[in-house]
Amino acid sequence: NEVKVPKENLLGDATGGFYYLMNMLAQERLTNACGAVAGAEAALQVTIDYVRERKAFDRPISHFQNTRFKLAEMRTQIDVAQVFVDRCVMDHNQKKLTPEVAAEAKLFTTELLGRVVDEGVQLHGGWGYMWEYPICKMYANARIQRIFAGTSEIMKEIISRGMKL
Ligand SMILES: Cc1cc2nc3c(=O)[nH]c(=O)nc-3n(C[C@H](O)[C@H](O)[C@H](O)COP(=O)(O)OP(=O)(O)OC[C@H]3O[C@@H](n4cnc5c(N)ncnc54)[C@H](O)[C@@H]3O)c2cc1C
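For the structure given in this document, a descriptive report is provided here. (Residues numbered from 1 in each chain as written. Predicted model: local features only at pLDDT ≥ 70, side-chain atom pairs only at ≥ 80, totals over all residues. Heavy atoms only, no water.)

1. As for the site of the ligand
Here comes step 1: Around the ligand, a shell composed of I144, I147, F148, A149, G150, T151, E153 and I154 is seen.
Here comes step 2: A149 places a polar main-chain atom, nitrogen or oxygen, 3.5 Å from an oxygen atom of the ligand.
Here comes step 3: With respect to the ligand, the side chain of E153 contributes an N or O atom lying 2.6 Å from an oxygen atom.
Here comes step 4: For the shell around the ligand, a count of residues per class yields 5 nonpolar, 2 polar and 1 charged. (Near = heavy atom within 4 Å. Polar contact = N/O pair within 3.5 Å; in protein donor to acceptor, adjacent residues only side chain to side chain. Nonpolar A, V, L, I, M, F, W, Y, C, P; charged D, E, K, R; others polar.)

Below, the structure is given as structure tokens:
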């Protein structure tokens, strides 16, 4: 308030800030989705490295069926998410990405990231709770993804509004 900005420093229309923000939200959410899939992939990779190395009951914990099944679930879900996000990027490049589909991408990938980092911590056991291990920081950092750029609940609002229920 009460700040004078020289005309030559004005970007766009001074009364259009909200419109500009709304206009870029689909792109911002697509960026979140790309980051979430990349984050999930990184969390999976550090977890794979760890379970190969860590031994319990005289064998690497990667040999336990529970570990293998958890990693298989993560692999599958990340691969499926990647295909959807790739399609969204192509739609965006053709200026066809709708707010609803961008919201689907953000909702799905950030919830997926949350599940992957949580399972990653679990498979690290106690070390997963220690800052020295990357999965610990990944877990902490992932939590904001379901909140900023619109919470998961708001994404569901946008998606369901588009369904004209
Ligand atoms: C690290 C960080 C970086 C950020 N960066 C930016 C930024 O660069 N630019 C920017 O503009 N903002 C930014 N934000 C703000 C962020 O977008 C908001 O925090 C977020 O949108 C949630 O809004 P809020 O905090 O007011 O929570 P609230 O709106 O108070 O939400 C609290 C809870 O109520 C739920 N809720 C609210 N409304 C509804 C509803 N209609 N139906 C159902 N549930 C609902 C929410 O889902 C949430 O669970 C950032 C926040 C953080 C923490």
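2. Some remarks on the packing of helix α3 (residues 99–124) against helix α4 (residues 134–142)
Here comes step 1: In contact at an axis separation of 9 Å, α3 and α4 are set at 150° when each is read in the N-to-C sense. With respect to each other, α3 and α4 are oriented roughly antiparallel. In this structure, α3 crosses over α4, and the sense of that crossing is left-handed. Of the residues in α4, those touching α3 at L113, V117, D118, G120, V121 and H124 are I135, M138, Y139 and A142.
Here comes step 2: Looking at the contact of α3 with α4 residue by residue, the classes come out as 7 nonpolar, 2 polar and 1 charged. (Axes fitted to C-alpha atoms, helices over the stretch in contact; angles between N-to-C directions. Helix = DSSP H or I, 4+ residues; strand = E, 2+ residues; numbered from the N terminus. Parallel < 35°, antiparallel > 145°, perpendicular 65-115°, else oblique. Left-handed = near helix turned anticlockwise from the far one by under 90°. Contact = heavy atoms within 4.5 Å.)

3. Digging into the state of the cysteines
Here comes step 1: The tally for this structure, following the rule as stated, stands at 0 disulfides.
Here comes step 2: Here C88 is not cross-linked by a disulfide; its sulfur's nearest cysteine counterpart is in C34, at 8.5 Å. (Disulfide = S-S within 2.5 Å.)

4. Examining the pattern of salt bridges
Here comes step 1: Counted by the stated rule, this structure contains 5 salt bridges.
Here comes step 2: For the salt bridge of E41 with R75, the shortest nitrogen-to-oxygen distance reads 2.7 Å. Taken together, the residues span a long stretch of sequence, with E41 in helix α1 (residues 17–53) and R75 in helix α2 (residues 65–93) at a distance of 34 residues.
Here comes step 3: Assessed through its relative accessible area of 25%, E41 is described here as partly exposed.
Here comes step 4: Residues E157 and R161 are paired through a salt bridge, measuring 4.0 Å at the closest nitrogen-oxygen approach. Of the two residues, E157 and R161 both sit in helix α5 (residues 152–162), 4 residues apart, roughly one turn of that helix.
Here comes step 5: Among the residues examined, R161 registers a relative accessible area of 58% and is labelled exposed.
Here comes step 6: Taken together, the salt bridges that share partners define one network made up of E41, R75 and D79. (Salt bridge = Lys/Arg side-chain N within 4 Å of Asp/Glu carboxyl O. Buried < 20%, exposed > 50% of the residue type's maximum accessible area, 1.4 Å probe, protein only.)

5. Some thoughts on the packing of aromatic side chains
Here comes step 1: Scanning all chains against the criterion turns up 3 aromatic pairs.
Here comes step 2: Members of the aromatic cluster, each reached through a chain of ring pairs, are Y50, W127 and Y133. (Phe/Tyr/Trp six-rings, centres within 6.5 Å; stacked < 30°, edge-to-face > 60°.)

6. Focus on α5
Here comes step 1: When α5 is considered as a whole, its buried residues turn out to be S152, M155, I158 and I159. Angular distribution of buried residues about the axis of α5 spans 115°; they occupy a single face of the element. Facing away from the buried side of α5 by more than 90 degrees, the exposed set consists of E153 and R161.
Here comes step 2: Those residues of α5 hidden inside the fold are in contact with α1 and α3.
Here comes step 3: A positive phi of about 50° marks K164, the residue just after α5. (Arc of directions from axis to C-beta.)

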